[in-house]
Amino acid sequence: MMGKVPTHIKGLRDFLKRISDNEKLLYSIEFDTSFKNYLNYMTKLYKEWFPKAKLYSDEHIAEKLFVKEVSIKDIKHYIKYQLFALIQSCKRIYSSINTYKKDIKNQPQLFDELGLIMEISFETIVFLDWGEYYIKGKQANYGCIKRNVLYSIEIFSASKMILRKRLYEKSLGSFVVRPTSVFLLRQSIEIRLKNAFGIETIYYKDGKIYKKRVGELLFKLLKDAKDYIDFPIKISILEKIYKWTNYYIHNGLIPNTWEIEWAQYILEPLFSSGINCKTRSLYGSIKIKKIYYDKVETKLKQIVRDKDIVVQRLNNPESLITK
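Throughout this document, residue positions are counted from 1 along each chain, in the order its sequence is written. Local features in this predicted model are restricted to residues whose pLDDT is 70 or higher, and side-chain atom pairs enter the listing and the counts only when it is 80 or higher, whereas totals over whole chains, interfaces and linings include all residues. Note: side-chain values were computed over all heavy atoms of the structure, leaving out hydrogens and water.

Engineer: Help me out: how do you make sense of the sheet that holds strand β7 (residues 320–322) in this one?
Structural biologist: The strands making up a sheet are joined through hydrogen bonds of the backbone, oriented either antiparallel or parallel. Taken in spatial order, the three strands line up as β2-β5-β7 in an open sheet, and their pairing is mixed. Unpaired on one side and paired on the other, β2 (229–230) and β7 mark the two borders of the sheet. Here, strands pair whenever DSSP counts at least two bridges between them. Strands are runs of DSSP state E lasting at least 2 residues, helices are runs of H or I lasting at least 4, and numbering of each runs from the N terminus.

Engineer: Before we go on, may I ask you to explain the packing of helix α1 (residues 7–19) against helix α2 (residues 29–49) in this structure?
Structural biologist: To describe two helices that pack against each other, one gives the angle between their axes and the distance between the axes. Note on geometry: axes are lines fitted to C-alpha atoms, helical ones only across the stretch in contact, with angles between N-to-C directions running from 0 to 180 degrees. For the pair α1 and α2, the least separation of the axes is 8 Å and the interaxial angle reads 150°. In terms of orientation, α1 lies roughly antiparallel with respect to α2. At the point where α1 passes α2, the crossing takes the left-handed sense. Here His 8, Ile 9, Gly 11, Leu 12, Phe 15, Leu 16, Arg 18 and Ile 19 of α1 lie close against α2, whose contacting residues are Glu 30, Phe 31, Ser 34, Phe 35, Asn 37, Tyr 38, Tyr 41 and Met 42. Just so you know the grouping, Ala, Val, Leu, Ile, Met, Phe, Trp, Tyr, Cys and Pro go in nonpolar, Asp, Glu, Lys and Arg go in charged, and all remaining residues, Gly too, go in polar. Classifying every residue of the contact of α1 with α2 gives 10 nonpolar, four polar and two charged. Each angle is binned into one of four classes, with values under 35 degrees roughly parallel, values over 145 roughly antiparallel, values of 65 to 115 roughly perpendicular, and all other values oblique. The hand of a helix crossing depends on one turn: near helix anticlockwise from the far one by less than a right angle means left-handed, and clockwise means right-handed. Residues are treated as being in contact if the distance between any of their heavy atoms lies within 4.5 Å.

Engineer: Could you clarify how one ought to interpret the nonpolar core in this entry?
Structural biologist: Ranked by internal contacts, the top residues of the largest apolar core, which has 92 residues, are Phe 31, Phe 197, Phe 231 and Leu 238. If one sorts the elements of this core by residue count, helix α4 (residues 75–100) sits on top with 13 residues. Those residues in contact with Phe 231 that sit more than four places away from it in its chain are Leu 193, Leu 222, Leu 238, Leu 270 and Ile 286. Nonpolar cores were defined as sets of buried Ala, Val, Leu, Ile, Met, Phe, Trp, Tyr and Cys residues, with membership established by side-chain atoms within 4.5 Å. Three exposure classes are used, based on accessible area relative to the maximum for each residue type with a 1.4 Å probe and protein chains only: buried under 20%, partly exposed in between, and exposed over 50%.

Engineer: For this particular structure, what's the right way to read the environment of Ser 273?
Structural biologist: Of note, Ser 273 is situated in the loop between α12 (257–267) and β3 (274–276). Judged by its relative accessible area of 39%, Ser 273 falls in the partly exposed class. For the pair formed by Ser 273 and Ile 286, sequence separation is 13 residues and the distance between their alpha carbons is 8.6 Å. Those residues in contact with Ser 273, other than ones at most four positions away along the chain, are Arg 280, Ser 281, Leu 282, Gly 284 and Ser 285. Side chain to side chain, Ser 273 and Arg 280 meet in a polar contact 3.2 Å long. In the analysis that follows, any N or O atom pair within 3.5 Å is treated as a polar contact, provided that within protein one partner can donate a hydrogen and the other can accept it, and provided that, for residues neighboring in sequence, both atoms belong to side chains.

Engineer: Just to check I follow, could you spell out unusual backbone geometry for this structure?
Structural biologist: Outside of glycine, negative phi angles account for most residues, and trans bonds account for most peptide bonds. The backbone phi angle of Asn 141 is positive, close to 55°, even though this residue is not glycine. Relative to the elements of secondary structure, Asn 141 occurs in the loop between α5 (107–136) and α6 (152–163). Asn 141 gets classed as partly exposed once you look at its relative accessible area, which sits at 35%. One non-glycine residue, Arg 305, adopts positive backbone phi at about 55°. When you line up the elements, Arg 305 lands in the loop between α14 (296–304) and β6 (309–313). Arg 305 sits in the exposed class, given a relative accessible area of 78%.

In short, geometric facts, not functional conclusions.
Below is the structure:
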């Protein structure tokens, strides 16, 4: 027997669908009511499922959220952190929507945020159906299923759309475009670390480019530099997000939308500007002491145990070099 989708989740989804036909509804009190009813329901459910749970810091959630391989004995804790993350993600998106509503120039961003909420509201039903099995011993059977594995032909089609900077809704490949942001997260982390240390290219003396797990090499360098670097986020969290991207990139497993939003939220400080004394830099959230920065090539040779590698340095690193 199929279960009935919770009224406040269905109510929000139905209202969001109506907005596509009548944009003025977005500015009505009904929108705020629908959204708050949804959040209140999810918060109440969280307290019902986990009465002893408490409020968690962003760092604590991030440490727990970006772990895909969970043992059965830890599955309830995993559901707890996922549900908490889902609620907090929705609150942030709701706040963005209210900000964008204040200026007509923000219409594109406004409807992009609504698209995220629409996606999350559907994923909520799928998640709760799955979660209820482990919390209550039986599934709710809401009848909603979302495929979480990509097909190669979709990825290829999405590549063609991205090249043309054009998304064709409900066409082959459109399903891939949103989760493709995970790939860009992965690349942004690698390039951020590489450029922060002033590394343009690592190659051998014969001219061949070094390609052996560069990401892992950069994390080893980052950990080695821990006493000489001012880093904006916990390295352990950054590394977990980096490894978490593997499930999408190498296996085609699509994460929940709120997980991607959380990854971007947690990584934001890494891509922020910063100041040292009177020097402000677009990349100043990372500060490296000059004594270490000047030894990067030597350090890399020690880490890879290969004296034949050469490091071509950037003229302008994505970091502030300090005394």
